[in-house]
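Now for the letters of each chain:
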Amino acid sequence: MGPICYSESSRHIERRRSNRNIGPEHPITTDNNEAPPARQLELGKEQRYLTRLYQRLDLLRERTRAQLDGVLAQGGGGTHQNRSERDSFAGMYAERLSRLWAVENGLCFGRLDLTGEKPLYIGRIGMADDEQARLLIDWRAPVAQPFYRATPASPMGVTRRRHLRTRDRRVIGVDDDLFDLDDLTEADRATLNGEAALLAALGEKRTGRMRDIVATIQAEQDRIIRSDLNGVLVVQGGPGTGKTVVALHRAAYLLYTHRDRLARRGILLLGPNPTFLRYIEQVLPSLGETDVLLSTVADLYPGVTARASESAEAAVLKGSARMADVVAKAVRDRQRMPRQPVDIDLGAYTLRLDRRAFEAAASRASRGRRPHNQARAVFVRHILGTLAKQAAKQLGRGLLDEEELADLREDLRTEPAVKSALNRLWPYLTPQRLLIGLFSSRERMAYAGLSPAEQDVLFRDPPRGGGHWTEADVPLLDEAAELLGDIDPAVLRAAAMQAEEDLAAARRAEEAERQSEIAYAREVLELTGMGGMVDAERLAARHRDDGSHLTTAERAAADRTWAYGHIIVDEAQELSAMAWRMLMRRSPNRSMTVVGDIAQTGTAAGAASWAGMLDPHAAGRWRVETLTVNYRTPTELMAVAADVLTLVGPSLRAPRSVRETGVRPWARRLDGPGELGELVAGQLVPGGRLAVIVPAAQAARLGALVTAAVPGAVAGPGAGSLEAPVVVLTVTEAKGLEFDTVIVAEPAAILSGSPRGAGDLYVALTRATGALGVAHTGALPAVLSRCAELPASRPAD
Ligand SMILES: Nc1ncnc2c1ncn2[C@@H]1O[C@H](COP(=O)(O)OP(=O)(O)OP(=O)(O)O)[C@@H](O)[C@H]1O
């Protein structure tokens, strides 16, 4: 037994293989499709099966909807327990229903024929009939594994792997890989062509949103998706090797396989920026999984939205590991005795706190490594004790018994002068207040160990309003929160009561929120087809009450100390040492998938090696898997990118591309930047998406030129950027994304724009799935000499 070999076509296949660099692990397949009647017969058979599956899906949806309706119809009355039981049933049915709706497209995409067994159909979810006979196998189930892993060398009992291509509810194609030559029938010959599914998927126009690849996962990717949950798995791979998409499928796989553990603790998926999260956000729902928290470092600290920008120098310094020590010292600075003793004027008499009294209280407070805000209670108790004794003496009351001293202590506690002295000596601190105080005082920065030059980089006046936090501040806030601990809720409540105006404003906001929830509930009802059956206002009210309805992801997002069941980090090479510390606190069990490419590191605070970033936290507990095949960028484009990669590191190797287009990348010299708009307009392909990737320093100017010249073009990563036919982005903004056509503008400025300029240019050149061009006003960098320089006004044919 072995892979099929037609005399004529095998040579053809070998040629296709070397062209597309598909490895020997792939079964040999042909695109011999000449047997229409036999092929039609196969299509008809598969259509009948698919129709049956959709009928079953419709039935399950109807049943689930009836169950949900039944629970909701019971209303909101009864005991608390009744209500909470009903809520959890309603939540369960609603989730099941949305899962059943999510799998409409591509419900079933494969069939596995195994020796001596009935064929298994593989799809997005598992389904059985009322007698519990399997109709469809979830792609994540162990029995589905051969669909992705079987090779001629190791067929895993598979005789045939069939890819079903469907549109809406119709079968439009079947492509087979055969592993058994013995029983080759006429029908088999008509459907052989296993690579077709992959190549068809890769050749499709991009929509601006990442799609799932569940039908065409490749063996090396499948191994990563199903890799063990424990420990840190690093997935290293060049651009376009599927790291992101594999990470997303791994999240879906882990939720399926370890649902109990992960449903409680949740999965966090960290991406580089909000645009990237929007780009990938549809993949998990299309796999039927909605309860994964997608976030960026900038959004990981509850209550802070870090969008301000700062110099690269400041970001690098804030990201360095020694900032942990700086923050710790900044906290200790707030527990220091002033140079002079503190006099507390109580009108009738004056109390004095000297160094001895302070140090005795401070050393008691610091025992047991309590966080600052909790230690404050011990400090205050001690100081009040000292002051009470002094007061007794001054009042001439001599020795007091314990009870009298306690009364005196309590009296002193409420004295404004005492309160104010205590607040100076050991203030309640929020992380925000600590950092603002640190960066606006050279004296405090010096105490925390920052040199005068570093103080110049970090100094900033205390901010007037919100919106001043940067991404690099977030791990520092988190670090500070660890050392400070929570503030006593009673203290917080008292402070909140004083803020009456805020409360009134909050009430008004709440009413607005209520209205928007009702509007949202209406939309949900329409979308799920439940309108008419359930009242939107009642549904909204249900979801407003006490938070018990929140999903795991929502609860985790609001809790800084949440420990996730698993964390997936994409573009992980960009994370600073301080960001890793923050993440590791959220992953005490060190169950993580870390996805990235050291060669694409753009930020100076990012990784130079995985060991450098992971050894401090998970020495001996991380393993590396490498992806080697580029599914995005055609060979011709990758050749240009590979030249640039040698500037990043002479020993680095670009991944091999799975396909070629026959179109060479071009370069076009512009007489002035003003020509850029016209050039871009000439490259538009109907229905295709084009990105112009520009140096950060010229983003505003070039963005304006392109948007003025091309209708519908968008500059920057804001709303609508993913859907626009043309978008102008910097390299940082384009990281992780892909487009049909890419034009890299002013590559020399990208190269010289940062210490990691070569890495940036490499990233920019590898964003295209189809065509690549370079537009330059100065000389073309020598490293891009492989591009065909176009003298004429028409850039490429
Ligand atoms: N097995 C597959 N079947 C179909 N498409 C695939 C497959 N693997 C990857 N792709 C496609 O290749 C493209 C690149 O994938 P992805 O963005 O995950 O790569 P990446 O390694 O994260 O790239 P980068 O590091 O450049 O951001 C995507 O369009 C993805 O859908």
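By convention here, each chain's residues receive numbers from 1 onward along its written sequence. In keeping with the predicted nature of the model, local features appear solely for residues at pLDDT of at least 70, side-chain atom pairs appear and are counted solely at 80 or more, and the whole-chain, interface and lining totals rest on all residues.

## Section: the overall build of the protein
Okay, step 1: The numbering of helices and of strands both runs from the N terminus, where a helix is a DSSP run of H or I of at least 4 residues and a strand a run of E of at least 2. Across its full length, the protein holds 33 helices and 23 strands.
Okay, step 2: Buried means a residue has 20 or more other C-beta atoms within 10 Å of its own C-beta, exposed means 12 or fewer, and partly exposed covers the counts in between; C-beta atoms are placed from the backbone. Within the protein, buried positions represent 41% of all 797 residues.

## Details of the site of the ligand
Okay, step 1: Inspection of the region around the ligand gives 23 residues, with P239, G242, K243, T244 and Y631 positioned closest.
Okay, step 2: Elements with a contribution of two residues or more to the shell around the ligand: α6 (195-203) and α8 (243-257). In this analysis, residues qualify as near a molecule or strand once their C-beta atom, positioned from backbone atoms, comes within 6 Å of it.

## Thoughts on the UniProt feature "binding site: ATP" (unreviewed entry) in the protein
Okay, step 1: According to UniProt, the positions carrying the feature "binding site: ATP" (unreviewed entry) are G237, G238, P239, G240, T241, G242, K243 and T244.
Okay, step 2: Topologically, G237 is positioned in strand β7 (residues 232-237).
Okay, step 3: According to the C-beta neighbour criterion, G237 is buried, with 23 such atoms within 10 Å.
Okay, step 4: Remark: residues whose backbone-derived C-beta atoms lie within 7 Å of one another are considered to be in contact. Once residues within four sequence positions are removed from consideration, G237 is found in contact with K243, D597, T626, L627 and P655.
Okay, step 5: Residue position: K243 is located in helix α8.
Okay, step 6: When near neighbours in sequence (up to four residues on either side) are disregarded, K243 contacts V235, G237, V595 and L627. UniProt positions are given in the numbering used here, feature names are shortened, and annotations may be inferred rather than shown by experiment.

## What about the nonpolar core?
Where a protein is soluble and globular, its nonpolar side chains tend to be buried together.
Okay, step 1: Judged by nonpolar contacts, the single largest core of 165 residues is most densely connected at A251, I693 and V706.
Okay, step 2: If sequence neighbours within four positions are ignored, V706 has contacts with L676, G677, V680, V692, A713, A715, V726 and V728. Structurally, a nonpolar core is described as a collection of buried Ala, Val, Leu, Ile, Met, Phe, Trp, Tyr and Cys residues joined by way of C-beta atoms within 7 Å.

## Let's talk about the environment of A779
Okay, step 1: In this fold, A779 is placed in the loop between β22 (768-776) and β23 (788-790).
Okay, step 2: Each C-alpha atom, one on A779 and one on E746, is 9.5 Å from the other, the two residues being 33 residues apart in sequence.

## Quick look at the packing of helix α15 (residues 372-394) against helix α16 (residues 402-413)
Okay, step 1: Here, axes are lines fitted to C-alpha atoms. For helices the fit covers the stretch in contact, and angles between N-to-C directions go from 0 to 180 degrees. Axis separation between α15 and α16 bottoms out at 9 Å; the angle between their running directions is 105 degrees. In terms of their interaxial angle, α15 and α16 are classed as roughly perpendicular. Here α15 contributes L384, G385, L387, A388, A391 and A392 to the contact with α16, which in turn contributes L405, L408, R409, L412 and R413.
Okay, step 2: Under the convention adopted here, Pro, Cys and the residues Ala, Val, Leu, Ile, Met, Phe, Trp and Tyr are nonpolar, Asp, Glu, Lys and Arg are charged, and Gly plus all remaining residues are polar. Residues of the contact of α15 with α16, tallied by class, amount to 8 nonpolar, 1 polar and 2 charged. Any angle from 65 to 115 degrees is called roughly perpendicular, while one under 35 is roughly parallel, one over 145 is roughly antiparallel, and all others are oblique.

## Side note on helix α30 (residues 699-709)
For an α-helix the count is 3.6 residues per turn, leaving residues at separations of three or four pointing the same way.
Okay, step 1: Those residues of α30 lying buried are L702, G703, L705, V706 and T707.
Okay, step 2: On its buried side, α30 packs onto α29 (676-683), β18 (690-694), β19 (714-715), β20 (726-730) and β21 (739-745).

## Here's the deal with the sheet that holds β18
Okay, step 1: Pairing is parallel in the open sheet, where 7 strands are placed in the order β19-β20-β18-β21-β22-β17-β23. In this open sheet, the two strands that pair with only one neighbour each are β19 and β23.
Okay, step 2: Following DSSP output, two strands are said to pair if at least two bridges run between them. The pairing of β19 with β20 spans 2 bridges and is classified as parallel. When the sheet's bridge partners are listed, V714 is paired in β20 with V727.
Okay, step 3: α29 rests against β17 (666-669), β18, β20, β21 and β22 of the sheet, and its axis sits at about 160 degrees to β21.

## So, the pairing of β20
Okay, step 1: Of all 5 residues in β20, 5 are buried, a share of seventy percent or more.
Okay, step 2: Pairing analysis gives 5 bridges linking β18 to β20, with the strands arranged parallel. For V694, the partnering residue across the bridge sits in β20 and is T730.

## Overview of the sheet that holds β7
Okay, step 1: With respect to topology, 6 strands assemble into an open sheet ordered β9-β8-β12-β13-β7-β14, the strand pairing being parallel. Of all strands in the sheet, those with a lone pairing partner are β9 (292-295) and β14 (622-627), marking the two edges. Taking each pair of neighbouring strands and ignoring which way they run, the sheet shows an average axis angle of 15 degrees.
Okay, step 2: Where strand β8 (residues 267-270) and strand β12 (residues 566-569) come together, 4 bridges link them in parallel fashion. Its bridge partner being in β12, L268 is matched across the sheet by I567.
Okay, step 3: Here α8 sits on the sheet in contact with β7, β8, β9, β12, β13 (592-596) and β14, set at roughly 165 degrees to β13.

## A word on helix α33 (residues 757-765)
Okay, step 1: Among the 9 residues that make up α33, 9 are buried, leaving the element largely enclosed by the rest of the structure.
Okay, step 2: Three or more residues of α33 are buried, namely G757, A758, G759, D760, L761, Y762, V763, A764 and L765.
Okay, step 3: Elements in contact with the buried residues of α33: α28 (635-648), β18, α31 (731-734), β21, α32 (747-752) and β22.

## Thoughts on unusual backbone geometry
Okay, step 1: Of note in this structure, M156 is not a glycine but carries a positive phi near 50 degrees.
Okay, step 2: Tracing the chain through its elements places M156 in the loop between α4 (145-149) and β5 (158-167).
Okay, step 3: One non-glycine residue with positive phi stands out, namely R590, at about 55 degrees.
Okay, step 4: One can find R590 in the loop between α26 (577-585) and β13.
Okay, step 5: You can call R590 partly exposed: it has 15 C-beta atoms within 10 Å.

## Remarks on the packing of helix α21 (residues 473-484) against α26
Okay, step 1: At a minimum axis separation of 8 Å, α21 and α26 run at an interaxial angle of 50 degrees. With respect to α26, the element α21 is oriented oblique. For the pair α21 and α26, the sense of crossing is left-handed. Residue-level contacts link P475, L476, D478, E479 and E482 of α21 to M578, A579, R581, M582 and R585 of α26.
Okay, step 2: For the contact of α21 with α26, the class distribution of residues is 5 nonpolar, no polar and 5 charged. In this scheme the crossing of two helices becomes right-handed for a clockwise turn of the near helix relative to the far one and left-handed for an anticlockwise turn of less than a right angle.

## Things to note about the confidence of the model for the protein
Okay, step 1: Here the protein averages 83 in pLDDT, and 84% of its residues register 70 or above.
Okay, step 2: Confidence per residue, as judged by the predictor, is encoded in pLDDT with a range of 0 to 100. Confidence over residues 528-534 falls short of pLDDT 50; this stretch has 11 contacts with residues more than four positions distant or in other chains.
Okay, step 3: Below a pLDDT of 50 lies the segment residues 542-546, which in the model reaches 6 contacts outside its immediate sequence neighbourhood of four places, other chains included.
Okay, step 4: Across the assembled chains, the prediction reports ipTM 0.99 with pTM 0.81.

## Examining the environment of G449
Okay, step 1: Checked against the element boundaries, G449 lands in the loop between α19 (442-447) and α20 (452-458).
Okay, step 2: Along the sequence, G449 and D69 sit 380 residues apart, while their C-alpha atoms lie 63 Å from each other.
Okay, step 3: In contact with G449, other than residues within four places in its own chain, are D325, V326 and K329.

## What to know about the pairing of strand β2 (residues 120-123)
Okay, step 1: With burial as the criterion, each face of β2 is covered, one bearing L120 and I122 and the other bearing Y121 and G123.
Okay, step 2: Bridge analysis of strand β1 (residues 108-114) against β2 gives 4 bridges, and the strand direction is antiparallel. Bridge pairing links G110 to I122 in β2.
Okay, step 3: Where β1 folds back on β2, the antiparallel hairpin that results is connected by 5 residues, among which G116 adopts a positive phi of roughly 70 degrees.
Okay, step 4: Pairing between β2 and strand β4 (residues 134-138): 2 bridges, direction parallel. The partner of I122 across the bridge, within β4, is I137.

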